[in-house]
Amino acid sequence: MCQKAQKRLWSLRRIKDLGGSIDDLLIVFTLQIRVLLETAVGAWNGALTLKNIKQMEIIQILAAKIKLKKL
């Protein structure tokens, strides 16, 4: 799940390079990346390890850096 989300960060970078607005980036993040990270979290929340949580946080931090870079 986290690997798929990391691969989709490319789309954020590409949209940013093509001049997309912060709103465009936010929509792509919400619809393509955040969806993966939140899929079934309620069902397996008790099974999350600290490593899993950190992986998801790192992806969200990277996405924020991409969105806010050069603003």
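A brief look at the structure comes next. Quick caveat, the model's predicted, so the values are computed rather than measured.

Conventions used here
- Residues numbered from 1 in each chain as written.
- Predicted model: local features only at pLDDT ≥ 70, side-chain atom pairs only at ≥ 80, totals over all residues.
- Heavy atoms only, no water.
- Helix = DSSP H or I, 4+ residues; strand = E, 2+ residues; numbered from the N terminus.
- Buried < 20%, exposed > 50% of the residue type's maximum accessible area, 1.4 Å probe, protein only.
- Contact = heavy atoms within 4.5 Å.
- Lys, Arg positive; Asp, Glu negative; His and termini not counted.
- Charge placed at Lys NZ, Arg CZ, Asp CG, Glu CD.
- Polar contact = N/O pair within 3.5 Å; in protein donor to acceptor, adjacent residues only side chain to side chain.
- Core = buried A, V, L, I, M, F, W, Y, C linked by side-chain atoms within 4.5 Å.
- Salt bridge = Lys/Arg side-chain N within 4 Å of Asp/Glu carboxyl O.
- Bend = angle between axes of the 7 residues up to and from the residue.

1. Overview of the overall build of the protein
Moving on, step 1. Helix and strand counts for the protein come out as four helices and zero strands.
Moving on, step 2. Counted from the first residue to the last, the protein has its helices and strands arranged as α-α-α-α.
Moving on, step 3. Considering the protein as a whole, with its 71 residues, one finds that 24% of them fall into the buried category.
Moving on, step 4. Within the protein, contacts between residues separated by at least 24 positions form 73% of all contacts whose residues are at least 6 apart in sequence.
Moving on, step 5. Side-chain charges of the protein comprise 13 positive and 5 negative groups, with the mean position of each set lying 9 Å from the other.

2. Re the side chain of Ser-11
Moving on, step 1. Examined against the element boundaries, Ser-11 turns out to sit in helix α1 (residues 2-17).
Moving on, step 2. Among the polar contacts listed, one links the side chain of Ser-11 to the backbone oxygen of Arg-8, at a separation of 2.6 Å.
Moving on, step 3. Among residues more than four places away in sequence, those in contact with Ser-11 are Val-28 and Gln-32.

3. A look at the nonpolar core
Within soluble globular proteins, side chains that are nonpolar generally end up buried alongside one another.
Moving on, step 1. Ranked by internal contacts, the top residues of the largest apolar core, which has 15 residues, are Ala-5, Leu-9, Leu-12, Ile-33, Leu-37 and Ile-59.
Moving on, step 2. Counting residues per element, the ones that place at least two in this core are α1, α2 (22-38) and α4 (50-68).
Moving on, step 3. Top element by residues in this core is α2. It accounts for six residues.
Moving on, step 4. Beyond its immediate chain neighbours, meaning those up to four positions away, Leu-9 contacts Ile-33, Ile-59, Leu-62, Ala-63 and Ile-66.

4. Observations concerning the pattern of salt bridges
Moving on, step 1. Per the counting criterion, the structure on display carries one salt bridge.
Moving on, step 2. Between Glu-38 and Arg-34 there is a salt bridge, and its shortest N-O distance comes to 2.8 Å. Pair noted here: Glu-38 and Arg-34 are both in helix α2, with a separation of four residues, about one helical turn.
Moving on, step 3. Since its relative accessible area comes to 46%, Glu-38 is described here as partly exposed.

5. Side note on α2
Moving on, step 1. Largest kink in α2: about 40°, centred on Thr-30.
Moving on, step 2. Among the residues making up α2, those that are buried are Leu-25, Val-28, Phe-29, Ile-33, Leu-36 and Leu-37.

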